[in-house]
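# Structural overview
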Amino acid sequence: MTPGEQLLTGMQRLERTGLNQGTSGNLSVRTGDDFLITPSGVPVERLRAEDMVPMDLDGSPHGTLRPSSEWRMHRDLYAAFPEAQAVAHAHPPHATALACRHEDIPAFHYMVAVAGGHDIRCADYATFGTAELSANAVAALRDRKACLLANHGILCYGADLERAIALAVEVETLARQYLLARQNGEPVLLDEAEMGKVIESFKTYGKQPDRETKV
């Protein structure tokens, strides 16, 4: 599957899972020294693999369509985190509801550690598409792979697009669970020592041994 086809399939998945609607949200994948990003304002049902926009890390686009208005956030994330190979930005309802309250997701559940730390931070608010928003997001992602964006949505990265989207799905699931857990009071939080154990365990979480037959 080409990078463009990966992005198209990824956008379709975001809409199918309810993480995005209409023209909101965007995806990108690193391609060597540059990256490929979804275009601005194209509905998923009209999106084609060839519509994706190649961009240099200096911010120069090379496609026939305009890149997503959030290209700067993707570019700066790739520059700040060399391990990031794909970025997912979406506006899922429960995570966005918390973001509109400027709330972090604390360690109410051990799966919060899937984002890399003992909480999932909410980045300070700034206007969409601005350098200020990008800087706020990068700060919130320090030692993390996902964050909320105040009054906006979520931002995640991964070693590939599948993992970046899977993390976005997990963050939305955690946000929903956290909101439910607070309906009759504040949930009991796990302490930093326990979350440290979970983070350590997650270093091998989901990794399977080599399946090649050994003679």
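Residues numbered from 1 in each chain as written. Predicted model: local features only at pLDDT ≥ 70, side-chain atom pairs only at ≥ 80, totals over all residues. Heavy atoms only, no water.

When helices and strands are counted, the protein chain shows six helices and seven strands. Order of helices (α) and strands (β) in the protein chain, N terminus to C terminus: α-β-β-β-α-β-α-β-α-β-β-α-α. For the protein chain, whose C-alpha radius of gyration is 17 Å, the value lies close to the compact-globule estimate of 17 Å for 215 residues. With the principal axes as the frame, the protein chain shows a C-alpha extent of 60 × 50 × 30 Å. Of all 215 residues assigned to the protein chain, the portion counted as buried reaches 47%. A separation of at least 24 residues holds for 62% of the contacts in the protein chain among residues at least 6 apart in sequence. For the protein chain, the exposed area adds up to about 11000 Å²; of that, 50% sits on carbon and sulfur atoms. Of the charged side chains in the protein chain, 21 are positive and 29 negative, and the gap between their average positions amounts to 2 Å. (Helix = DSSP H or I, 4+ residues; strand = E, 2+ residues; numbered from the N terminus. Rg over C-alpha atoms; globule rule 2.2 N^0.38 Å. Buried < 20%, exposed > 50% of the residue type's maximum accessible area, 1.4 Å probe, protein only. Contact = heavy atoms within 4.5 Å. Areas by Shrake-Rupley, 256 points an atom, 1.4 Å probe, with all protein chains shown as cover. Lys, Arg positive; Asp, Glu negative; His and termini not counted. Charge placed at Lys NZ, Arg CZ, Asp CG, Glu CD.)

Here we take up the confidence of the model for the protein chain. When pLDDT is averaged along the protein chain, the result is 94, and 95% of the positions lie at 70 or above. Every residue in residues 211–215 is under pLDDT 50, and counting partners more than four places away or in other chains gives zero contacts. (pLDDT = per-residue confidence, 0-100.)

With that settled, the discussion passes to the pairing of strand 6 (residues 146–149). Going residue by residue along strand 6, you find Ala146 and Leu148 tucked away on one face and Cys147 and Leu149 tucked away on the opposite face as well. Relative to strand 6, strand 5 (residues 122–123) is paired through two bridges, and the arrangement is parallel. If you follow Ala123 over to strand 6, its bridge partner there is Leu149. As for the winding sense of the linkage, the β-α-β connection from strand 5 through helix 4 (residues 131–140) to strand 6 is right-handed. Relative to strand 7 (residues 153–158), strand 6 runs antiparallel, the two being bridged by four bridges. By the bridge assignment for strand 7, Cys147 is matched with Leu155. (Pairing = 2+ DSSP bridges. Right-handed = clockwise from strand over helix to strand, strands pointing away.)

Strand order in the open sheet formed by seven strands is 3-2-1-4-7-6-5, and the pairing between neighbours is mixed. The open sheet has two edge strands, strand 3 (53–56) and strand 5, and neither has a second partner. Looking at chain direction, strand 1 (residues 26–31) and strand 2 (residues 34–37) are connected through four bridges and run antiparallel. Opposite Arg30, over in strand 2, you have Phe35 as the bridge partner. Helix 1 (residues 3–16) contacts strand 1, strand 2 and strand 4 (86–90) of the sheet and is inclined by roughly 155 degrees relative to strand 1. (Axes fitted to C-alpha atoms, helices over the stretch in contact; angles between N-to-C directions.)

Turning to unusual backbone geometry, a few remarks are in order. The phi angle of most residues is negative, glycine excepted, and most peptide bonds adopt the trans form. Positive phi outside glycine occurs at Asp143, with the angle close to 60 degrees. Here Asp143 lies in the loop between helix 4 and strand 6. Owing to a relative accessible area of 57%, Asp143 belongs among the exposed residues under this scheme. The phi dihedral of Asn151 is positive, around 55 degrees, even though this residue is not glycine. For Asn151, a relative accessible area of 39% corresponds to the partly exposed category.

Moving on to the pattern of salt bridges. Inspection of every chain in the model, using the stated rule, returns nine salt bridges. In this structure, Arg144 engages Asp119 in a salt bridge whose closest nitrogen and oxygen atoms are separated by 2.8 Å. Separated by 25 residues along the polypeptide, Arg144 in the loop between helix 4 and strand 6 and Asp119 in the loop between helix 3 (93–99) and strand 5 bring together distant segments of the chain. With relative accessibility at 14%, the residue Asp119 sits in the buried group. (Salt bridge = Lys/Arg side-chain N within 4 Å of Asp/Glu carboxyl O.)

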